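Observations on chain architecture
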Amino acid sequence: MMKPLLGWIVVGCLGFAQEAPDPAKVQAELARAQKTLLDWQNIGRYKQDNAKLGAPKAGEKRVVFLGDSITDAWGRRGGKFWPDLPYVNRGISGQTTPQMLIRFRPDVIDLGAKMVVILAGTNDLAGNTGPMTLEEIEGNLQSMAELAVANKIKVVMSSVMPVCDYHRPQTSRRPPEKIIALNEWIKAYCAKNKHVYLDYYSAMLDDAKMLRKELTADGLHPNPAGYAIMEPLAEKAIAEAWKKR
């Protein structure tokens, strides 16, 4: 008589352990996956905005900021993004260098940019679109710079931002030693090819060589205080780049 009862208990336990997924959540995940497959590089994100923006006006020196969530949020969720200057934000949250390389033409070249400010690499280190070696990240950054040069666009290459674990774990996915190594390459590449190296990294470190706690809410993205540090550094780098031949 005890065997059927035991069976029901086991079935009940398995039911609790393997709860049926929420159909609505499953459909939402499938929709997101389908969108990613159809537009992996997310060219569709700025397609309408690019059409509305149009070509630069006569004498306009258009600067495009190309990047990931740190750029994407600049002026939208934190900091201010030069509303009175011909600067264009083309950041997309979560993106990696291969995605930015694919959309470099529609989001930079086709906009008639005279300068591009690239901030990329942290999501590559985190493996957002799969495992990436430092050499692969460097190759994608180099390809973007070469595309810019071929189209007479001045290049500012930003350092990868530091991270910290003060708010939540970040260094396991973005090891500080890899950030340092990538930044060393970016700096050397800029010096060799007469581009401008924009060093956010050094300005945002604490004594432990981590992103300063007061400049972030999650250990990865800058808060308004963080963008306040970045803004004059970007302005200085852009001014320097205009002076280069």
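Let us look at the structure shown here. Each chain carries its own residue numbering, running from 1 in the direction its sequence is written. Restriction of local features to residues with pLDDT of at least 70 applies here, the model being predicted, together with a cutoff of 80 or more for giving and counting side-chain atom pairs; totals for whole chains, interfaces and linings are based on all residues. The basis for every side-chain value is the complete set of non-hydrogen atoms in the structure, without hydrogens or water.

This brings us to the environment of aspartate 206. Each helix is a run of H or I in the DSSP string that is no shorter than four residues. Each strand is a run of E no shorter than two, and both are numbered from the N terminus. Among the structural elements, aspartate 206 can be located in the loop between helix 10 (200-203) and helix 11 (224-243). In this structure, the C-alpha to C-alpha distance between aspartate 206 and cysteine 164, residues 42 residues apart in sequence, is 9.8 Å. Here, two residues are considered to be in contact whenever any of their heavy atoms come within 4.5 Å of each other. When residues no more than four places from it in sequence are discounted, the contact partners of aspartate 206 are Tyr166, Leu211 and Arg212. Polar contacts here mean pairs of N or O atoms no more than 3.5 Å apart (in protein, one a potential hydrogen donor and the other a potential acceptor; neighbouring residues in sequence count only if both atoms are side-chain atoms). Of note is the side chain of aspartate 206, whose polar atom sits 2.5 Å from the side chain of tyrosine 166.

Further remarks concern the sheet that holds strand 4 (residues 154-158). If you trace the five strands from one edge of the open sheet to the other, you get 2-1-3-4-5, paired in parallel fashion. Of all strands in the sheet, those with a lone pairing partner are strand 2 (87-91) and strand 5 (196-198), marking the two edges. Strand-to-strand twist of the sheet, defined as the mean angle between neighbouring strand axes without regard to direction, takes the value 20°. Orientation is described by lines fitted to C-alpha atoms, with helices fitted over the stretch in contact, and by angles between N-to-C directions that extend from 0 to 180 degrees. Strands in contact with helix 8 (residues 134-150) are strand 1 (63-67), strand 3 (115-119) and strand 4; relative to strand 4, the strand with the most contacts, it is inclined by about 160°. Against the sheet, helix 9 (residues 176-193) engages strand 4 and strand 5, with an angle of about 155° to strand 5. A pair of strands is considered paired only if DSSP assigns at least 2 bridges between the two.

This part takes up the packing of aromatic side chains. Note on aromatic contacts: the rings of Phe and Tyr and the six-membered ring of Trp form a pair at centre separations within 6.5 Å, being stacked when their planes are under 30 degrees apart, edge-to-face when over 60 apart, and tilted otherwise. For the coordinates displayed, the defined rule picks out 11 aromatic pairs. When the ring of tryptophan 74 is compared with that of tryptophan 82, the centres are 5.2 Å apart and the planes differ by 50°; the resulting orientation is tilted. Tryptophan 82 matches tryptophan 74 in its accessibility class, with the two residues each being buried. Here tryptophan 82 and tyrosine 87 contribute two aromatic rings whose centre-to-centre distance is 5.3 Å and whose plane-to-plane angle is 70°, an arrangement assigned as edge-to-face. The two residues tryptophan 82 and tyrosine 87 agree in class, both being buried. Following the ring pairs from residue to residue traces out a cluster consisting of Phe65, Trp74, Phe81, Trp82, Tyr87, Tyr200 and Tyr227. Geometry around tryptophan 242 places lysine 61 over its ring, the cationic atom sitting 4.8 Å from the centre. Working definition: with a 1.4 Å probe on protein chains only, accessible area under 20% of the residue-type maximum means buried, over 50% means exposed, and in between means partly exposed. Geometrically, a lysine NZ or arginine CZ counts as sitting over a ring once it is within 6 Å of the ring centre and also within 35 degrees of the ring normal.

A few words now on unusual backbone geometry. Positioned with a positive phi, tryptophan 82 is a non-glycine residue whose angle comes to about 40°. Tracing the backbone through its elements, the reader meets tryptophan 82 in the loop between helix 4 (69-72) and strand 2. Even without glycine at this site, lysine 152 takes up a positive phi of about 55°. Owing to a relative accessible area of 75%, lysine 152 belongs among the exposed residues under this scheme.

In terms of burial, strand 4 is a largely internal element, four of the five residues being buried. One ladder, built from four bridges, connects strand 3 with strand 4; its direction is parallel. The partner of methionine 115 across the bridge, within strand 4, is lysine 154. Of the strand pairs in this sheet, strand 4 and strand 5 are connected by three bridges, and their pairing is parallel. Residue pairing in the sheet places valine 156 in a bridge with valine 196 of strand 5.

A word on the pattern of salt bridges. For this analysis, a salt bridge means a side-chain nitrogen from Lys or Arg found within 4 Å of a carboxyl oxygen belonging to Asp or Glu. Taken as a whole and assessed by the stated rule, the structure comprises six salt bridges. The salt bridge partner of arginine 62 is glutamate 60, with a shortest N-O separation of 3.1 Å. Neither residue differs from the other here; arginine 62 and glutamate 60 are each classed as buried. Here glutamate 214 makes a salt bridge to arginine 212, at a shortest N to O gap of 3.0 Å. On the accessibility criterion, glutamate 214 (47% relative accessible area) is partly exposed. Each of the salt bridges in this network shares a partner with another, and the network as a whole consists of Arg45, Asp72 and Arg76.

So, on to the side chain of threonine 171. Structurally, the position occupied by threonine 171 is in the loop between strand 4 and helix 9. In this structure the side chain of threonine 171 is engaged in a polar contact, spanning 2.5 Å, whose partner is the side chain of aspartate 165. Excluding residues that lie within four positions of it along the chain, threonine 171 makes contacts with Val163, Asp165, Pro176 and Met210.

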